[in-house]
Amino acid sequence: MTETNVFSARDIITMNASRPHATHVAVRDGRILGAGSLEDMEQWAPYTLTDDFADKILVPGFVEGHAHAMEGGIWDFPYVGYEDRWDPSGRRWEGAQSLEAVIAALTAAEARLDDAETPLFAWGFDPIYFGEARMNAAQLDSVSTTRPIIVLHSNGHLLNVNSRLMDMAGITADTNVYGVLKDDNGKPTGELMEMAAKYMAYRQTGNPFFGGIKTPSLLRYAESAVNCGVTTATDLFASFNEESLAAYVEASQTPGYALRLMPALNTIEQSIDEGIALAKRALQDNNDRLHHRLCKVMTDGSIQGFTARLKWPGYHNGKPNGLWNLDPDTLGELVLEYHKAGLHLHIHTNGDEASELMLDALEAAQLACPRPDHRHTLQHCQMADASQFRRMAKLGVCVNLFANHIYYWGDQHAAITMGPDRANRMDAAGTAQREGVHFSIHSDAPVTPMAPLFTAWCAVNRQTRTGTVLGPEEQISAEDALYAITLGAAYTLHMDHLVGSIEPGKYADFAVLEDSPLQVSPDAIRDISVWGTISGGAPHKAATRTG
Amino acid sequence: MNDAPVDFTVIGGFLGSGKTSLVNRLLAASGSTRFAVLVNDFGALNIDEALIRHQDGRIMQLANGCICCSLAGGLVDTMVELMRYRHLIDHILIEASGVSYPSRIMDFARIDPDLRPGLTLVLVDAAHLQDHSTDTRLAETITAQMESADMFVLTKTDIASADMAAWSRDWVATRAPDAPIIEGRPDDASLVALITGPAPDATSAATHHHHPADHTGHHAHADPDRALHTHFVSRAMTASRPVDEDGFADFANRFSKHLLRGKGTLHFHRRSAIWQQAGRLVHLEDATLDADTASQIVMISADDLSEAAAALRALGFQDVANVPAR
Ligand SMILES: [Zn+2]
Ligand SMILES: [Zn+2]
C-alpha cells in the first residue's frame, strides 16, 4: 500500500464550497484524499502526519493563466526596470529609479562580460517614470564603446542602443527612416522604434530572444513559480518546433519538477492545417505535469504601445488606431478552424475593437459548429465594456483580465491612452462577475512579475502606482480574487477537475502562505509571504531572497 | 561574394487581391533573377515538391535558385535570418499582409545599405474594394496603402461588374491621383515583368519600337523584357544637349501616373545620372557616363505617352527615329 501523508495547517482554504475550511489534508500518490479535521483523517490511517506547516495557511496552488516561460530564461540578461524584482534564484535586482541608476546597473553587467565585443542586452527599461528625460547613445557609450549595447524597453516597442551599434548599422544623421529618433541637431539619439530600426539593430547582434524555449528556462520557470505559490502555469505563446516540444517533455519529466505546464501553440507560426496537426500531435506528450491543448491567437497590439485596436473614440491623446496582427478575416477563419478541431483557444485582445472582432468570430464559430463547454478565453481584454461581457457570458467565453496593468500603467491609461472614463472600467473584474463570466486575472510575466497575490491585490484595490483608485465599482472581494487565481483560472484552462481547489481526487497542489488572504486587510494581500508550494504532495520551499 | 545591394520590393493588398497568385507566377518565371519571396502562408504557394532543393525550418530553397521564406516568425527576425544568405539573393520580395503598412516595410530597404528600395505595388480587389473601403476595421490600412503604393493593380475586374470595376478605379484614382493603375490578372506575365525587370534599356526599346512586326512571333513570356513591350506602350527618346534637371524632375513627377517604367542615362548641366522610375517611385542616381553620348531614355506605359513625349520634347528630347545616324 502506498504511503499516506497528512499535512496540518493553521487554516486550509479549500475553495471547495462543500467544505470551505479545514485544518488537515490527506495526500496519497500525489493526489488529495480529503480535507477536514484531525479526526476526519482517521479514515486514512495509517498515515504520516507532517506538522511543518501547522502555523501556515494552505490554499489551492495558484494557477497563472497567462505568463510566459521566458520568465525563466530572461534573467540571463540584466534587468534595468524601475521596481525591484527577484529572479528565480531569489536574487534581488534593484530597481533603477533614475537614468544614472540604469547606467550604473549596465556598467556592473558590462564588467561581468569577458571579451570586449560581446553584445550587451538588457531588458525592462521603463523611462515613462523619468518624466521628460530620455536615454541617449552618449550615456550608453559611457558603459562601452567597443561592444554593441541594446536596452529593451518594457513596453516591447522601443530599443536604446549605443554609438558602437549605430556605427555597425550605419545609422547616422543622414539616416532618414521613421523610427530612428533624432535630437534637435539632427543626430540620432540611439532610441529606435518600429520594425525597420529594430531589424537593423538585430542584424548586427542577432536577437537573443528569438527561437523556441529550452529546458533550462523551463526549469527556472518552475523555480519562479514556487517562489510565488504557483503550481500550474501557462507558457502562453509557444513555438511548437521539435526542440521546444522535446524541452517541454524533458522539463516536465525532470524529477522534482514543481509545476504543471500548459504551453499554448502560437497559431500564426504555421498554416492553420499544420498548426492544428501540431497541436493535436502534441497531446501525445501529455503527462501529469504537461498539459497540451491550448492554442494562442494574437489579435492586436498593446494599449501603452498604441498598437491595440480601439473602438470609437479611439486613443485619448488622438493617436491613430492600432494594428491588427493578421487580416480580420484570416483571424476569423483561424478561430473557426481551431474551434472545429476541438482545440482550446486563448485569444490576446487588448483593445475593445479587438475583443469585439473576436466575439464576432467566436459567435460565428459557435453557430457553424456548436461546441458545448469550449471555454475559449479572451486574454487581457482590458477595455471590454459591459455589453461585451454580456456577450461573453452568452457565448460561454471566459476572460483572463490583466489586473496588474492597473497598478503599473493605470496612471498612463487615465491620462494618455484611454482617458479617465475608459480607464475606470479597464480590466473590469467587477463587471465580469456581475455578468456571470468565468474569469481569471494574470501577470503576463515577464511583462510584470509573476505573483498571484499581488495580482489579486490589484483586482481588490485597483490602485495605481501613484495611489489613485481606478473605478472602485470594479473592485472585487478578497474571496473572489482568491477564487480568480485558483479555481477561476483553472476553469479558463479546462483544468478545474484537476487543480484549483482542495478536494478529493485533485492533484495535491497547494500554495503555502504565512498569512490568510481572507484575514489580512485588503491592502495587505500583496505583502503576504509565500513559504513555497506543495506540488503533487511534495513540498518545495521558495528561494531565500538575497541582495 | 556579391556586394551589390539586394533589390527590395513590397507587394501589398488585402486578402483575396491576388498576391499569392502573383508570387507563384513570379517564382515560375524568375528567369536568372534569384528571388527571395517572404510570404505569410507557405502552404498557399503551390510549390512542386520536386522543385524544393532544401528546406531549413522556415526557409526553402528552390531548384531555380529562388528562396521562399515564411513570415510566421515575424518580419524582423525573418529578415535578420534571410540576410545571412544575402550572397544567394538578387531580389527580395515581401508579400505584405493585408493589414500591414507597406511603407513601414519599405523602411527596411531605406535603413539597410545592403538593400535597394524598389517598387511598392498594391493589388486592389475590384470586386471587394467597396466593402473594404467602408469597413472601419480596415480604414487606416487602406489609407496607408493608398499613400504608399508606387502603382496599383486592379485585380478581379473579370469578376466585378463593369460598374464596380469603374467605381474601384475611380476610388483609387481619387486617393492616389499620381499613381498608375493597371488592370490585370495577378498571374499576367506582364505584371511579373514589371517586377522582375530587367528595366528596359533604350536600345532594345528602340528596336521594338521600329519593328512592331517582330512581336507577332514572340509571345513566349519567359523573357520579361519582351512581355513588357508586348503588353504595354513603349517609347524611346534621346537628347543630344544637356537637359535641365529641374525640368526633368518635374516631368517625372507630373507624368508618374503614366510611367509604369522609365529608365535612362541623362546628362544634366551639373551632373550625369541614371534615371529609373516605376510610377511614383523615382530614382535619379549620380553616374559617370561617357560625355560624348546623348541622353537616352525609354518609357513604358499602360495608356498613352504622347503628352509625356511632348513634355520631353520641350526639354530638348527627340524621338529615337529622328536621331541622325552617327
Ligand atoms: Zn498578450
Ligand atoms: Zn502574454
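Cut-off values and rules
Residues numbered from 1 in each chain as written. Chains lettered and ligands numbered in written order. Predicted model: local features only at pLDDT ≥ 70, side-chain atom pairs only at ≥ 80, totals over all residues. Heavy atoms only, no water. Donors = N, O, S within 2.8 Å, 3.2 Å for Na, K, Ca; no water. Contact = heavy atoms within 4.5 Å. Buried area = accessible area lost by both parts, 1.4 Å probe. Salt bridge = Lys/Arg side-chain N within 4 Å of Asp/Glu carboxyl O. Polar contact = N/O pair within 3.5 Å; in protein donor to acceptor, adjacent residues only side chain to side chain. Helix = DSSP H or I, 4+ residues; strand = E, 2+ residues; numbered from the N terminus. Patch = residues over 30% accessible without salt bridge, like charges linked within 9 Å, V, L, I, M, F, W, Y side chains within 5 Å. Areas by Shrake-Rupley, 256 points an atom, 1.4 Å probe, with all protein chains shown as cover. Lys, Arg positive; Asp, Glu negative; His and termini not counted. Charge placed at Lys NZ, Arg CZ, Asp CG, Glu CD. Axes fitted to C-alpha atoms, helices over the stretch in contact; angles between N-to-C directions. Nonpolar A, V, L, I, M, F, W, Y, C, P; charged D, E, K, R; others polar. Buried < 20%, exposed > 50% of the residue type's maximum accessible area, 1.4 Å probe, protein only. Pairing = 2+ DSSP bridges. Core = buried A, V, L, I, M, F, W, Y, C linked by side-chain atoms within 4.5 Å. Left-handed = near helix turned anticlockwise from the far one by under 90°. Domains from an automatic or database assignment.

1. Comments concerning the coordination of the zinc ion (ligand 2)
Six octahedral donors around a metal ideally make angles of 90 or 180 degrees; four tetrahedral donors ideally make 109.5 degrees.
Move 1: Donor atoms from the polypeptide that bind the zinc ion (ligand 2) are His 66 of chain A (NE2), His 68 of chain A (NE2) and Asp 444 of chain A (OD), placed at 2.1 Å.
Move 2: A separation of 3.5 Å is found between the zinc ion (ligand 2) and the zinc ion (ligand 1).

2. Things to note about the interface of chain B and chain A
Move 1: Tallying the contact residues gives 31 residues for chain B and 33 residues for chain A.
Move 2: The junction of chain B with chain A conceals about 2700 Å² of combined surface from both sides, 63% of it contributed by carbon and sulfur atoms.
Move 3: If you sort the residues of chain B by the area they bury against chain A, Val 99, Ile 111 and Arg 137 of chain B come out on top, with a joint share of 26%.
Move 4: The residue Asp 114 of chain B makes a salt bridge to Arg 203 of chain A at a minimum N-O spacing of 2.9 Å.
Move 5: For the pair chain B and chain A, the interface holds seven residue pairs in polar contact (both at pLDDT 80 or more).
Move 6: When contributions to the side of chain B that touches chain A are tallied by element, the ones reaching two or more residues are α2 (75–82) and α3 (102–111) of chain B.
Move 7: If one sorts the elements of the side of chain B that touches chain A by residue count, α3 of chain B sits on top with six residues.

3. Considering a negative patch on the surface
Move 1: A contiguous patch of negative charge, built from Asp 273, Glu 274, Asp 329 and Glu 333 of chain A together with Asp 41 of chain B, is present on the exposed surface.
Move 2: At the level of secondary structure, the elements contributing two or more residues to the negative patch comprise α8 (272–282) and α9 (328–340) of chain A.
Move 3: With respect to the secondary-structure elements, Asp 41 of chain B resides in the loop between β2 (35–39) and β3 (52–56).

4. A short note on the packing of helix α12 (residues 404–417) of chain A against helix α15 (residues 452–461) of chain A
Residue and element names in this part refer to chain A.
Move 1: At their nearest, the axes of α12 and α15 sit 6 Å apart, and the two run at 65° to each other. Contacts between α12 and α15 pair Asn 404, Ile 406, Tyr 407 and Tyr 408 from the former with Phe 454, Thr 455, Trp 457 and Cys 458 from the latter.
Move 2: Among the residues making up the contact of α12 with α15, the classes are represented as six nonpolar, two polar and no charged.

5. Considerations on the coordination of the zinc ion (ligand 1)
Move 1: With distances of 2.1 to 2.2 Å, the protein atoms coordinating the zinc ion (ligand 1) are His 348 of chain A (ND1) and His 380 of chain A (NE2).
Move 2: Taking the relative accessible area as the measure of exposure, His 348 of chain A reaches 7% and is therefore buried.

6. With respect to the pairing of β3 of chain B
Residues and elements named next belong to chain B.
Move 1: The pairing of β3 with strand β4 (residues 59–62) spans four bridges and is classified as antiparallel. Directly across from Ile 52, in β4, lies its bridge partner Leu 62.
Move 2: Taken together, β3 and the strand that follows it, β4, pair antiparallel across an intervening segment of two residues, in which Gly 57 is found at a positive phi of about 60°.

7. Observations regarding the nonpolar core
Move 1: In this structure, Leu 106, Leu 378, Met 392 and Val 399 of chain A together with Phe 152 of chain B are the most contacted members of the largest nonpolar core, which totals 124 residues.
Move 2: Those residues in contact with Val 399 of chain A that lie beyond four places of it in its chain are Thr 377, Leu 378, Cys 381, Phe 389, Met 392, Ala 432, Val 437, His 438, Phe 439, Ser 440 and Thr 492 of chain A.
Move 3: Ala 169 of chain A together with Val 76, Val 80 and Phe 108 of chain B belong to the second-largest nonpolar core, a separate cluster that totals 51 residues.

8. Things to note about the pattern of salt bridges
Move 1: Counted by the stated rule, this structure contains 41 salt bridges over all chains.
Move 2: With a closest N to O distance of 3.5 Å, Asp 352 of chain A and Arg 425 of chain A form a salt bridge. In this pair, Asp 352 of chain A sits in helix α10 (residues 352–368) while Arg 425 of chain A sits in the loop between α13 (419–424) and α14 (429–434), placing the two residues 73 residues apart along the sequence.
Move 3: By relative accessible area, Asp 352 of chain A is classed as buried at 5%.
Move 4: Classification of Arg 425 of chain A as partly exposed rests on a relative accessible area of 22%.
Move 5: With a closest N to O distance of 2.9 Å, Arg 84 of chain B and Glu 81 of chain B form a salt bridge.
Move 6: Arg 84 of chain B sits in the exposed class, given a relative accessible area of 56%.
Move 7: The structure contains a network of salt bridges with shared partners spanning Arg 203 of chain A together with Arg 86, Asp 112 and Asp 114 of chain B.

9. As for the packing of α8 of chain A against α9 of chain A
Residues and elements named next belong to chain A.
Move 1: Two elements in contact, α8 and α9, have axes separated by 10 Å at closest approach and are oriented at 35°. Seen from above, α8 lies across α9 with right-handed handedness. Residues Ile 272, Gly 275 and Ile 276 of α8 lie in contact with α9, whose contacting residues are Glu 333, Leu 334, Glu 337 and Tyr 338.
Move 2: Looking at side-chain class alone, the contact of α8 with α9 contains four nonpolar, one polar and two charged residues.

10. Side note on the sheet that holds strand β20 (residues 439–441) of chain A
All names here are of chain A.
Move 1: In space, the eight strands of this open sheet follow the order β6-β14-β15-β16-β17-β18-β19-β20, with parallel pairing throughout. The sheet terminates laterally at β6 (62–64) and β20, the two strands that pair on one side only. Across the sheet, the mean angle from the axis of one strand to that of its neighbour is 20°, orientation sign disregarded.
Move 2: Note: β6 against strand β14 (residues 230–238), three bridges, orientation parallel. What sits directly across from Glu 64, in β14, is Ala 233.
Move 3: Lying on the sheet, α10 is in contact with β17 (344–349) and β18 (377–380); it crosses β17 at an angle near 155°.

11. Topic: the domain arrangement of chain A
Residue and element names in this part refer to chain A.
Move 1: In terms of domain boundaries, chain A breaks down into domain 1 (78–205) and domain 2 (215–535).
Move 2: Spacing between the C-alpha centres of domain 1 and domain 2 amounts to 30 Å.
Move 3: Between domain 1 and domain 2, the contact holds 13 residues from the first and 17 residues from the second.
Move 4: With both sides pooled, the region where domain 1 packs onto domain 2 buries about 1200 Å², and carbon together with sulfur makes up 47% of that total.
Move 5: If you look at where domain 1 meets domain 2, you find one salt bridge.
Move 6: Taking the shortest distance from any N to any O, the salt bridge between Glu 83 and Arg 465 comes out at 2.2 Å.
Move 7: Put simply, domain 1 and domain 2 have seven residue pairs in polar contact (both at pLDDT 80 or more) between them.
Move 8: Class assignment of the residues belonging to the side of domain 1 that touches domain 2 gives a composition of five nonpolar, four polar and four charged.

12. Some thoughts on the sheet that holds strand β9 (residues 181–183) of chain B
Residues and elements named next belong to chain B.
Move 1: Read across the sheet, nine strands follow the order β3-β4-β5-β2-β6-β1-β7-β8-β9 without closing on themselves; strand pairing throughout is mixed. Here the strands that pair on one side only, and so sit at the sheet edges, are β3 and β9. Going from strand to strand, the sheet's axes swing by 20° on average, the running direction of each strand aside.
Move 2: Packed onto the sheet, helix α1 (residues 19–28) meets β1 (6–12), β2, β4, β5 (67–70), β6 (91–95) and β7 (115–125) and runs at close to 160° relative to β2.

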